[in-house]
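Chains, contacts and geometry: an overview
What follows is the residue order along each chain.
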Amino acid sequence: MKTIAISGSLRGNVGKRDAKELRYEGKVPAVLYGGEGQKHFAVEASDLRDLIYSADVSFVDIQIDGTSTQAIIQDAQFHPLTEQVIHVDFLQLHADKPLVMQIPVKLTGTSPGVKMGGKLVQKLRKLRVKALPSAMPQYVEVSIEPLEVGKSVRVRDLKFEGFDITNTPEDTIVSVTTSRALRQAEQEAAKGK
């Protein structure tokens, strides 16, 4: 899994007024959970851009006053009008403790159903993956090679070593449906007989 490094500084005061001043300076108040205790710190808003406004999922290497901590973004809060980040929660990673993350789906291969004129419909763009931090994938590969028209790939069809997918087994990830053009061609062929 890709790791992005950011640096922060511990906050002396924790309160609304202090948080407002930090935001005015271009910083974002943040909290790190999962260690011995909570760490309240501030990070530059520009450092969070690659983490929050990206389709990719990344681990975060947080440098707070000389100490380095591996973490993930647990939650981010945005201003309702400006959409700027106003607060971020991080969760510290432990090598022996599994975690659950939303991982993007990457479709691979070419579907014979699409070549015949079918329409590829991707229902899930991310899957909930449970794994140890060392086994967490960057993305979940789903092959569409066997998909004919009317067929689909469900969560139960996927098997991976090292991590589990915790979505409902009946959830459809991707399917090939009959397109309007294919349906019209079939109707015309039926009339011609």
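Here's what I pulled together on the structure shown here.

The rules behind each value
Residues numbered from 1 in each chain as written. Predicted model: local features only at pLDDT ≥ 70, side-chain atom pairs only at ≥ 80, totals over all residues. Heavy atoms only, no water. Salt bridge = Lys/Arg side-chain N within 4 Å of Asp/Glu carboxyl O. Buried < 20%, exposed > 50% of the residue type's maximum accessible area, 1.4 Å probe, protein only. Phe/Tyr/Trp six-rings, centres within 6.5 Å; stacked < 30°, edge-to-face > 60°. Helix = DSSP H or I, 4+ residues; strand = E, 2+ residues; numbered from the N terminus. Pairing = 2+ DSSP bridges. Axes fitted to C-alpha atoms, helices over the stretch in contact; angles between N-to-C directions. Arc of directions from axis to C-beta. Contact = heavy atoms within 4.5 Å.

**Some details on the pattern of salt bridges**
Scanning the model with the defined rule gives four salt bridges in all. Taking the shortest distance from any N to any O, the salt bridge between aspartate 18 and arginine 11 comes out at 3.4 Å. Overall, aspartate 18 belongs to the buried group, its relative accessible area being 18%. Aspartate 157 is the salt-bridge partner of arginine 156, the closest N and O atoms lying 3.9 Å from each other. Members of the salt-bridge network, linked through shared partners, are Arg156, Asp157 and Glu170.

**Here we look at the packing of aromatic side chains**
Counted under the stated rule, the structure contains three aromatic pairs. With a centroid separation of 6.4 Å and 55 degrees between ring planes, the pair formed by tyrosine 53 and phenylalanine 78 is classed as tilted. With tyrosine 53 in the loop between helix H2 (49-52) and strand E4 (59-64) and phenylalanine 78 in strand E5 (residues 67-78), this residue pair connects regions lying 25 residues apart in the sequence. Ring geometry for phenylalanine 160 versus phenylalanine 163: centroids 4.8 Å apart, planes at 20 degrees, classification stacked. Residue classification places phenylalanine 160 among the partly exposed positions, given a relative accessible area of 30%. By relative accessible area, phenylalanine 163 is classed as buried at 11%.

**Structural notes on the sheet that holds strand E3 (residues 39-44)**
Ordered by their spatial adjacency, six strands build a closed barrel running E1-E3-E2-E6-E5-E4, and the pairing between neighbours is mixed. If you compare each strand with its neighbour and ignore which way they point, the axes differ by 45 degrees on average. In terms of strand pairing, strand E1 (residues 3-10) meets E4 through six bridges, oriented parallel. Within E4, the position partnered with alanine 5 by the bridge is aspartate 61.

**Quick notes on helix H1 (residues 16-24)**
For H1, the full list of buried residues reads Asp18, Ala19 and Leu22. Along the axis of H1, the buried residues cluster in a sector spanning 100 degrees; they form a single face. When the buried face of H1 is taken as reference, the exposed residues oriented beyond 90 degrees from it are Lys16, Arg17, Lys20 and Tyr24. Where the residues of H1 are buried, they touch strand E2 (27-33) and E3.

**Considerations on the side chain of threonine 69**
Turning to its location among the elements, threonine 69 is positioned in strand E5. Judged by relative accessible area, threonine 69 falls into the buried class, the value being 10%. Beyond its immediate chain neighbours, meaning those up to four positions away, threonine 69 contacts Leu32, Val60, Asp61, Ile62 and Gln92.

The analysis is restricted to geometry; functional conclusions fall outside its scope.
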